[in-house]
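# Close look at the chain arrangement
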Amino acid sequence: MTSVSQKNLLKLAEENKHKGDLAAAIQNLEEALRGEHSLDVILELCDLYCANKQEDQAYALIKEEPDLFSNKQVYRMYCKVLKENNFLIEALQLKKITGLELPFKVQPVSEEKQQQIMQSFKAKKQVNQMDYESLHKLNLVNFTTFAQSILLEHISEFAVRLSLCEDLIRLKLKDKFKVWVLDDLTEFIPADTLLLEKAPKYKEIISAIGAKFSHNPSQLPLMIGETNLVLGSLYPKLDDYVDEPDSFASDLVAYLQQRNGRTHQDLFEKIYRKFPN
């Protein structure tokens, strides 16, 4: 729903836009969203962000919507924002999800800019969300080749490795990719691999952790966070390290609380040695 005050700010923004003052229009719509959700405001603000060369902010805003697919207006705006950001990789993933052509043609950035993105990414000591999202501006060949090169780096951050693996999975690629998991160089086929949160053993372990802390909910977020770190470190080869999810969950809780991981002690120590102090 759009409140009366939001409708007034929408009207002011339209007047600003008509006068060519995009900054003022954006400011009015940002004000309209403070404390209140309105799809009308969000869609108009995304349009203005794109028109004002603030496509990264349009992307952040539209991605906050809980469902990008059921509402045709939201889906169309999402596709437009992908086009404005040159997020070809995400567009290709979207085509795999929907099985449909997108309403906008999404192109990668120029080859020169792609080379700059890859060089800059390699030079980063710490990768933030925007750094990672820039990889979605690559073409498919450059993205897959670059992803493989990062996955072959033994010291690559597990969060980057996890994100790359899941992006390759969303692309449903049938080629084999090599990846370091702890100290083992292994391989996986993205098209045959589930996303982490959809993996049965992940679901079972998270469920077991939740059950163990059902009477102590204040500790649950911390435990779920640690569990995600551990399971993310073993991805995409959870099945190679987890035989019995309940036992794994019980041992992980014991390790986190008492540093006694029982039958999984060596594994947990190896995982936590990989994390920065």
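Further up the page is the structure itself.
What this report covers is the structure whose coordinates are included nearby. (Residues numbered from 1 in each chain as written. Predicted model: local features only at pLDDT ≥ 70, side-chain atom pairs only at ≥ 80, totals over all residues. Heavy atoms only, no water.)

### Quick look at the overall build of the protein
A count of helices and strands for the protein gives 15 helices and two strands. Here the C-alpha coordinates of the protein stretch approximately 70 × 50 × 35 Å along the principal axes. When the accessible surface of the protein is totalled, it reaches about 15,300 Å², and 51% of it is carbon and sulfur. The distance from the centre of the 35 positive side-chain charges to the centre of the 41 negative ones in the protein is 3 Å. (Helix = DSSP H or I, 4+ residues; strand = E, 2+ residues; numbered from the N terminus. Areas by Shrake-Rupley, 256 points an atom, 1.4 Å probe, with all protein chains shown as cover. Lys, Arg positive; Asp, Glu negative; His and termini not counted. Charge placed at Lys NZ, Arg CZ, Asp CG, Glu CD.)

### Comments concerning the nonpolar core
The biggest cluster of nonpolar side chains holds 53 residues, and the ones touching the most others in it are Leu135, Phe143, Leu164, Phe248 and Ile271. If you look at the next biggest cluster of nonpolar residues, it comprises 32 residues, including Cys46, Tyr78, Cys79 and Ala91. (Core = buried A, V, L, I, M, F, W, Y, C linked by side-chain atoms within 4.5 Å. Buried < 20%, exposed > 50% of the residue type's maximum accessible area, 1.4 Å probe, protein only.)

### Digging into unusual backbone geometry
For the peptide bond that leads from Tyr235 to Pro236, omega is 10°, which places it in the cis range. Of note, Pro236 is situated in the loop between α12 (220–234) and α13 (238–241). Phi angles above zero are rare outside glycine, and Lys53 is one such case at about 60°. Positionally, Lys53 belongs in the loop between α3 (39–51) and α4 (55–62). Even without being glycine, Arg259 reaches a positive phi, approximately 60°. If you trace the backbone, Arg259 turns up in the loop between α14 (245–258) and α15 (265–273).

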